[in-house]
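Coordinates in review
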Amino acid sequence: MSNEKKSERRRVAVVTGGSAGLGRAIVREFAERGWDVAILARGREGLDGAVRDVERIGPRAIGIETDVADRKAVEAAADQVERELGEIDVWVNDAMVGVFGEFLDTDPDDFERAVSVDFLGFVNGTRAALSRMKPRNRGGVVQVGSALGHRGIPLQAAYCSSKHAIKGFTESVLTELLHDGSAVTLSEVDMPAMNTVQFNWVKSSLPKHAQPVPPIYQPEICAKVVVDVAERPRRRTWVGESTVFTIIGNRLGTRVADWYLAKSGYSGQQDGDPGLPTLRPNLYEPSNQGDQGAHGAFDDRSMRITPQTWAIRHRSTTYFAAAAAAATAAAATAGALRRATR
Ligand SMILES: NC(=O)c1ccc[n+]([C@@H]2O[C@H](COP(=O)([O-])OP(=O)(O)OC[C@H]3O[C@@H](n4cnc5c(N)ncnc54)[C@H](OP(=O)(O)O)[C@@H]3O)[C@@H](O)[C@H]2O)c1
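Analysis parameters
Residues numbered from 1 in each chain as written. Predicted model: local features only at pLDDT ≥ 70, side-chain atom pairs only at ≥ 80, totals over all residues. Helix = DSSP H or I, 4+ residues; strand = E, 2+ residues; numbered from the N terminus. Rg over C-alpha atoms; globule rule 2.2 N^0.38 Å. Buried ≥ 20, exposed ≤ 12 C-beta atoms within 10 Å, placed from the backbone. Contact = placed C-beta atoms within 7 Å. Axes fitted to C-alpha atoms, helices over the stretch in contact; angles between N-to-C directions. Parallel < 35°, antiparallel > 145°, perpendicular 65-115°, else oblique. Left-handed = near helix turned anticlockwise from the far one by under 90°. Nonpolar A, V, L, I, M, F, W, Y, C, P; charged D, E, K, R; others polar. Near = placed C-beta within 6 Å. Pairing = 2+ DSSP bridges. Core = buried A, V, L, I, M, F, W, Y, C linked by C-beta atoms within 7 Å. Right-handed = clockwise from strand over helix to strand, strands pointing away.

Moving on to the overall build of the protein. Looking only at helices and strands, the protein features eleven helices and 13 strands. By the compact-globule yardstick of 20 Å for 342 residues, the protein fits well, its C-alpha radius of gyration being 21 Å. Oriented by its inertia axes, the alpha-carbon framework of the protein measures out at about 75 × 55 × 40 Å. Classification of the 342 residues of the protein by burial places 46% in the buried group. A fraction of 74% describes how many contacts in the protein between residues 6 or more apart in sequence connect residues 24 or more apart.

Here it is, written out as C-alpha cells:
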C-alpha cells in the first residue's frame, strides 16, 4: 500500500465477495475509477488475486478473510478497513453461496447456511456500513440483487428466498433512513444471469452441471452498473433485458410464469457438457483451489453489452432519443390527421 496524505484521500469502497465472480469485476471497476478497495471474502488466493488486480491498476487495496455470515467478523473487518484505508464511502454487498436442487432434496443445514450467507450476510454488511455512515450523514450501500429476488425459480429455493428477503429488508431500512432525513443512500441493483464462478463451486444435487439460465451476461457490464450506482446512487436499477422481462412478465402473468418455469426451469439450469469445470463446493468453506477470477465457464455464450445495459448506462442520451422519437411520432400523427381531415 502506498502512503497517501489524508488531504489526498481516495474514496473507499468495501466489496463483500469481491474475490471472485461479479464481485471481482466490481473490485476492478472501482479501482479503474480511482477508488481504494477493501475486499471481504474467505479464500486467501482469491483475495490476494483481487488485491493484486487493484494494485496493478494503482489504488490501494486490502483483502480481509471474512465470513459474512459471522456478524462479529464483519464488524471487525469494517474496523480494519477504516484503520487502514480510511472512512468507508460505499459498501457493496455481493457475497453469495448456492445450493442447487429440489427443496426436499436439500439438506436443511445447507439451506440454513445458504440463507445465512445470502441474506444475513447482506444484513451484517448493511449494519456495519450504516452504523458508521449514519453518524457522519454520508455514504452509501449497494445491494447486489437479482431478477430472482422478484421471481422464484425451481432448484434454488434458498437463494431465491434470500434475494426476496434482501429486497424487503432494503425497503424497510430505506424508509427508516428517509424518516430520519439521512443523506446516506441505499440502492439495489438487480442482475441477470451472469457468467461467474458460482456455477463451478455451487453445492449441487443436479444430475448435470449447473449453469446460469440464458441469456448470460459477462460480469463486467454488470459491475460497471454497480459502480455507476455507487457514484450516483439510484434507489433501484434493473440490469439486462432478461431482468426487465422477468420482473414485468411475472407481474403481468404470475401463473403463466409458474407454468413456464415448471416446464423449462430444470433443463434451463443444467448443461450436459462433461468437460465443464467442477470445484469443491464453497458453501461452508472457501473452495481453495486457486484464484478463480471473475469469469465462469461460459465465455463463448455470454454477452458483454446489450441495448438495455447500454441504455441504463447512458440515461440522458436514452431519454433524449426517446423524447425525440416521441416528438417525431407526435408530429407525424398530427400531420396525418390534418391531411385526413382536409
Ligand atoms: N451469477 C449469476 O448468474 C447471478 C445472477 C443474479 C445475481 N447474482 C448476484 O451476484 C452476486 C455475486 O454472485 P456470483 O455469481 O459472482 O458468485 P460467485 O462467483 O460464486 O462469487 C461469490 C463470491 O462470494 C464469496 N463468498 C462466498 N461465501 C462467502 C462468505 N460466507 N463470506 C464472504 N464471502 C463469501 C466468494 O469467495 P470465497 O468463497 O472465497 O469466500 C466469492 O468471492 C450475488 O449477490 C448474486 O446473488 C448472480
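A word on the packing of helix α1 (residues 21-32) against helix α2 (residues 44-57). Two elements in contact, α1 and α2, have axes separated by 9 Å at closest approach and are oriented at 20°. Here α1 is positioned roughly parallel relative to α2, judged by the angle of their axes. Along this stretch, α1 crosses α2, giving a crossing that reads as right-handed. Contact residues: R24, V27, R28, A31 and E32 in α1; A50, D53, V54 and I57 in α2. Of the residues belonging to the contact of α1 with α2, the class tally is five nonpolar, no polar and four charged.

Close contacts around the ligand come from 32 residues, with G17, G21, R42, G43 and T196 the closest. Elements that contribute at least two residues to the shell around the ligand include exactly α1, β2 (36-41) and β6 (140-146). Of all the elements, α1 adds the most residues to the shell around the ligand, at three residues. Broken down by class, the residue content of the shell around the ligand amounts to 17 nonpolar, twelve polar and three charged.

This part covers the environment of Q143. Residue position: Q143 is located in strand β6. On a C-alpha basis, the gap between Q143 and L47 in space is 20 Å, while along the polypeptide they are 96 residues apart.

Turning our eyes to something else, we now look at the environment of V189. Assignment of secondary structure puts V189 in strand β7 (residues 185-191). Expressed as a C-alpha distance, the spacing of V189 and L252, which sit 63 residues apart in the sequence, is 21 Å. With near-sequence residues (within four places) excluded, V189 lies in contact with V142, V144, G145, V225, V226, V229, T237 and V239.

The subject of this paragraph is the sheet that holds strand β4 (residues 90-93). What the seven strands build is an open sheet, ordered β3-β2-β1-β4-β6-β7-β11; its pairing is parallel. Each end of this open sheet is capped by a strand with a single partner; those strands are β3 (61-65) and β11 (236-238). Strand-to-strand twist in this sheet, taken as the mean axis angle between neighbours without regard to direction, amounts to 15°. Both strand β1 (residues 12-16) and β4 contribute to a ladder of three bridges, which runs parallel. Across the sheet, V14 pairs through a bridge with W91, a residue of β4. Strands β1, β2 and β3 of the sheet are contacted by helix α3 (residues 71-84), whose axis makes an angle of about 160° with β3.

Turning next to the packing of α1 against helix α7 (residues 219-231). The N-to-C vectors of α1 and α7 enclose an angle of 55°; their axes lie 8 Å apart at closest approach. For the element pair α1 / α7, the angle class is oblique. Taken as a pair, α1 and α7 cross one another with a handedness that is right-handed. For the pair formed by α1 and α7, the contact residues are G21, L22, A25, I26, E29 and F30 on the first element and P219, E220, C222, A223, K224, V226 and V227 on the second. Class assignment of the residues belonging to the contact of α1 with α7 gives a composition of nine nonpolar, one polar and three charged.

Attention now moves to the nonpolar core. With 88 residues, the main nonpolar core has V37, I39, V92 and V226 as its most contacted residues. If one sorts the elements of this core by residue count, helix α4 (residues 108-136) sits on top with ten residues. The residues touching V226, leaving out its near neighbours within four places in the chain, are I26, V92, V142, V144 and V189.

Okay, unusual backbone geometry next. Generally, phi is negative for residues other than glycine and the peptide bonds are trans, each holding for most cases. Note the cis peptide between P214 and P215, where omega equals 5°. Position of P215 among the secondary structure elements: in the loop between β9 (209-210) and β10 (216-217). Phi at N137 is positive, roughly 55°, even though this residue is not glycine. Mapped onto the fold, N137 is located in the loop between α4 and β6. Under the C-beta neighbour-count criterion, N137 is labelled exposed, with 11 such atoms within 10 Å. Although it is not a glycine, N288 sits at a positive phi angle of roughly 50°. Looking at where N288 falls in the secondary structure, it is placed in the loop between β12 (270-271) and β13 (302-303).

Our focus in this paragraph is the pairing of β2. Most of β2 sits inside the fold, with six of its six residues counted as buried. On β2, burial covers both faces: D36, A38 and L40 on one face and V37, I39 and A41 on the other are all buried. As paired strands, β1 and β2 are joined by five bridges and run parallel to one another. Residue pairing for β2: V14 is matched across the bridge by A38. Chirality of the crossover, the property in question, places the unit of β1, α1 and β2 among those that are right-handed. In the sheet, β2 pairs with β3 via five bridges, with the strands oriented parallel. Paired with L40 across the two strands is I64, which belongs to β3. Between β2 and its parallel partner β3, the chain crosses via α2, and the hand of that crossover is right-handed.

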